[in-house]
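Each chain is listed here by its residues.
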Amino acid sequence: MNGRESGPGGAEESAVVAAVRVGDEVTFSRLVERHRHELQVHCYRMLGSFTDAEDMVQEALLRAWSKRESFEGRATVRAWLYRIATNACLDALSSPSRARELPMVPGSGEARSPMAEIPWLQPSPDHLLDAVAPADGRPDAVAVAKETIELAYLAAIQHLPPKQRAVLILRDVLGWPAAEAAVALEISVPSLKSALQRARATLRTHLPERRSEWGPSSRPTDEERTVLRRFMDASEQADPKTLAALLREDARQTMPPEPACFEGRDAILAMWTPVMVGPDAWGDWRTVATAANRQPAMANYVRRHGEPHYEPVNLDVLRIEDGLVAEITTFGPELFPAFRLATRL
């Protein structure tokens, strides 16, 4: 996906140029709006936050209209919009009001999780990713490949300086030629290549060990869905013993924006058990299957004692290895609407 892709887009470019010349805002908006979903995924990678990405893509489309005369049709509409969206994200990341500092990285003897290190990290619902990469073989499927949208990757690239992050995404994720990426970022090709080399080296230090062994599937596999269903059933039955059997011994759970990292099966179960069974149990549990970042996920609800409804508690995104849950990243219920999940059962 780059600025010189060919095909039926030529008519779109001509239509945008025509709309710009006559000041036709309705036609212009309709033509650029079709790129909203993929721009949101792009901004999501840049920012690591689903809600911030929603705001930023709106800002990018407003900028596109205000800068409409800069589009002359030599590049594709998509490439032009990506350039605007990328620079909008870079502006936001450099703004003192939105600047984010990474927490201190634990020492070598302490537990470390990419997800726990990024307090602003949020998941993205798979239905949005499906809208970007429909099952018709279009080249934009590369934009939502699992290995560049999973939570571990999203968390890792947040450690890169903003400009290096943009270079890495344009070159390694979207496959833009170096010359076009350099133009988009207003830097020289040698500077871009140097930034890409540094970004790749930094990224390797922040990606989890054994990541290369993770499954290459573009969406949850049948095995992952089976494990998810068993995990959901055990959660609803408040069955710590079965949950223990589904967890790897070295499983890990994190809860952005909290920095806590629960390392190991025993630590995770010690946290879960009191709210599931015993005198302090919260109540009856219900779960709903979903998917986030091409990973299996589940929404958790609880009906507290004496209450008529199940209220939302959290969203768990799972990473499954060899039929067992290896990692759980837990988020609050504020994103339930984005996942088309009920806010009460």
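Look a little higher up for the structure.
Rules behind the numbers
- Residues numbered from 1 in each chain as written.
- Predicted model: local features only at pLDDT ≥ 70, side-chain atom pairs only at ≥ 80, totals over all residues.
- Heavy atoms only, no water.
- Helix = DSSP H or I, 4+ residues; strand = E, 2+ residues; numbered from the N terminus.
- Expected span 1.5 Å × (residues − 1).
- Buried < 20%, exposed > 50% of the residue type's maximum accessible area, 1.4 Å probe, protein only.
- Contact = heavy atoms within 4.5 Å.
- Phe/Tyr/Trp six-rings, centres within 6.5 Å; stacked < 30°, edge-to-face > 60°.
- Lys NZ or Arg CZ within 6 Å of the ring centre and 35° of its normal.

Visitor: Teacher, can you tell me more about helix α5 (residues 77-94) here?
Guide: In an α-helix there are 3.6 residues to a turn, and that puts residues three or four apart on one side. Between the first and last C-alpha of α5 there are 26 Å, a value that for 18 residues agrees with the 26 Å anticipated at 1.5 Å per step. The buried fraction of α5 is high, at 14 of 18 residues.

Visitor: Would you mind showing me how to read helix α9 (residues 178-185) here?
Guide: With 6 of 8 residues buried, α9 is to be regarded as a mostly interior element. All of the buried residues along α9 are Ala178, Glu180, Ala181, Ala182, Ala184 and Leu185. In this structure, the buried side of α9 is in contact with α5, α8 (162-173) and α10 (189-206). In the stretch just after α9, Glu186 is the one whose phi turns positive, near 60°.

Visitor: Teacher, can you tell me more about the packing of aromatic side chains here?
Guide: Each pair of aromatic rings is reported with the distance of its centres and the angle of its planes. All chains considered together, the criterion is met by 7 aromatic pairs. Ring geometry for Tyr82 and Trp176: centres 6.2 Å apart, planes at 70°, overall edge-to-face. Here Tyr82, found in helix α5, pairs with Trp176, found in the loop between α8 and α9; they are 94 residues apart in sequence, far enough to count as distant. One exposure class covers both Tyr82 and Trp176, and it is buried. Ring plane angle 75° and centroid distance 5.8 Å describe the contact between Phe231 and Trp272, whose orientation is recorded as edge-to-face. Pair noted here: Phe231 is in helix α11 (residues 222-236) and Trp272 is in helix α13 (residues 265-276), with a separation of 41 residues, a long-range link. Since its relative accessible area comes to 1%, Phe231 is described here as buried. Taken together, Phe28, Trp65, Phe71 and Trp80 form an aromatic cluster joined through their ring pairs. Seen from the ring of Trp65, Arg68 lies directly overhead, with NZ or CZ sitting 3.8 Å from the centre. Just above the ring of Trp282 sits the side chain of Arg304; from NZ or CZ to the centre is 4.6 Å.

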